[in-house]
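Structural features, examined
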Amino acid sequence: MSFTRTIVGALALTVAVAGTATAQQHAVWLMGKSGGFNAVTNLNDAGTADFNKIGYNVGGAVGVQVNPYVTLRANFSFARNQMQANGLDTGNRLNRFFYDAAIQLQYPTAIGVEPYVYAGGGAVTLHEVGTSGQDKTKGTGTFGLGLNYTIPRTGLGVFVEGQGWVYQASN
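First, a word on scope: everything that follows refers to the structure included in this document. As the structure is a computational prediction, the values presented were derived from the model and not from experiment.

It is worth spelling out the pairing of strand β8 (residues 157-166) at this point. Pairing geometry for strand β7 (residues 136-150) and β8, over 10 bridges, is antiparallel. Bridging from a neighbouring strand, Leu-145 pairs with Gly-162 of β8. Where β7 folds back on β8, the antiparallel hairpin that results is connected by six residues, among which Arg-153 adopts a positive phi of roughly 60°.

This is the structure:
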């Protein structure tokens, strides 16, 4: 079975579980996010080429709370940053499109603060800005942790989250 079919199957299973959970009156949430992006990579053995210049990312997520301590979530993020050579900007920019699904474990508290961790997998599509037809799609693992605060008597929350992806950019 190809990697693409595996990812599509996992995402379809997540949607199916989400549909079942919604029918059982489980909470569904939506999240919008943005922030800095840093790809900690060395692109050559000498360590003179990297994507360590901080860029940006925007994205969103949808989650289905299976019970108070477990949520299934699907994430999408777009990220961009610039390549450097010997610490200087090269003008080459790389777009990344991340799509993944994860299981999240959270611990709700009486005061509305909810710490959480998650892990899962998906794919990333790499696109060098200014090129066409050279996109590469790679498998990726994802993980993160965060802290959510639900505003009392509303359906709104404020959160801070750190997310990482693990993948092989070359080949």
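Two measures describe an aromatic ring pair: the distance that separates the ring centres and the angle between the ring planes. Counted under the stated rule, the structure contains eight aromatic pairs. Between the aromatic rings of Phe-78 and Phe-97, the centroid separation amounts to 5.2 Å while the plane-to-plane angle is 50°, which identifies the pairing as tilted. Residue Phe-78 is found in strand β4 (residues 70-85), and its partner Phe-97 is found in strand β5 (residues 88-106); the two are separated by 19 residues along the sequence. Residue classification places Phe-78 among the buried residues on the basis of a relative accessible area of 15%. Seen in terms of ring centroids, Phe-98 and Tyr-167 are 5.9 Å apart; in terms of plane orientation they differ by 65°. Their pairing is edge-to-face.

With that out of the way, let us pick up the pattern of salt bridges. One side chain can pair with another of opposite charge once the charged atoms of both are near each other. Taken as a whole, this structure holds two salt bridges when the rule is applied. Two residues, Lys-33 and Glu-161, come together in a salt bridge whose shortest N-O distance is 3.8 Å. Here the residue Lys-33 occupies a position in strand β1 (residues 28-37), and Glu-161 occupies one in strand β8, the gap between them amounting to 128 residues. On the accessibility criterion, Lys-33 (13% relative accessible area) is buried. Among the ionic pairs, Glu-161 bridges to Arg-73, the shortest N-O distance being 3.3 Å. Placement of the pair is Glu-161 in strand β8 and Arg-73 in strand β4, with a sequence separation of 88 residues. On the basis of relative accessible area, Glu-161 is assigned to the partly exposed category, the value being 22%.

Overall, Arg-73 belongs to the buried group, its relative accessible area being 0%. Distance in space between the C-alpha atoms of Arg-73 and Trp-29 is 9.1 Å, their sequence separation being 44 residues. Among the polar contacts listed, one links the side chain of Arg-73 to the side chain of Asn-75, at a separation of 2.8 Å. Polar contacts involving the side chain of Arg-73 include one to the side chain of Gln-104, which spans 2.7 Å.

Cut-offs and rules
Residues numbered from 1 in each chain as written. Predicted model: local features only at pLDDT ≥ 70, side-chain atom pairs only at ≥ 80, totals over all residues. Heavy atoms only, no water. Pairing = 2+ DSSP bridges. Helix = DSSP H or I, 4+ residues; strand = E, 2+ residues; numbered from the N terminus. Phe/Tyr/Trp six-rings, centres within 6.5 Å; stacked < 30°, edge-to-face > 60°. Buried < 20%, exposed > 50% of the residue type's maximum accessible area, 1.4 Å probe, protein only. Salt bridge = Lys/Arg side-chain N within 4 Å of Asp/Glu carboxyl O. Polar contact = N/O pair within 3.5 Å; in protein donor to acceptor, adjacent residues only side chain to side chain.

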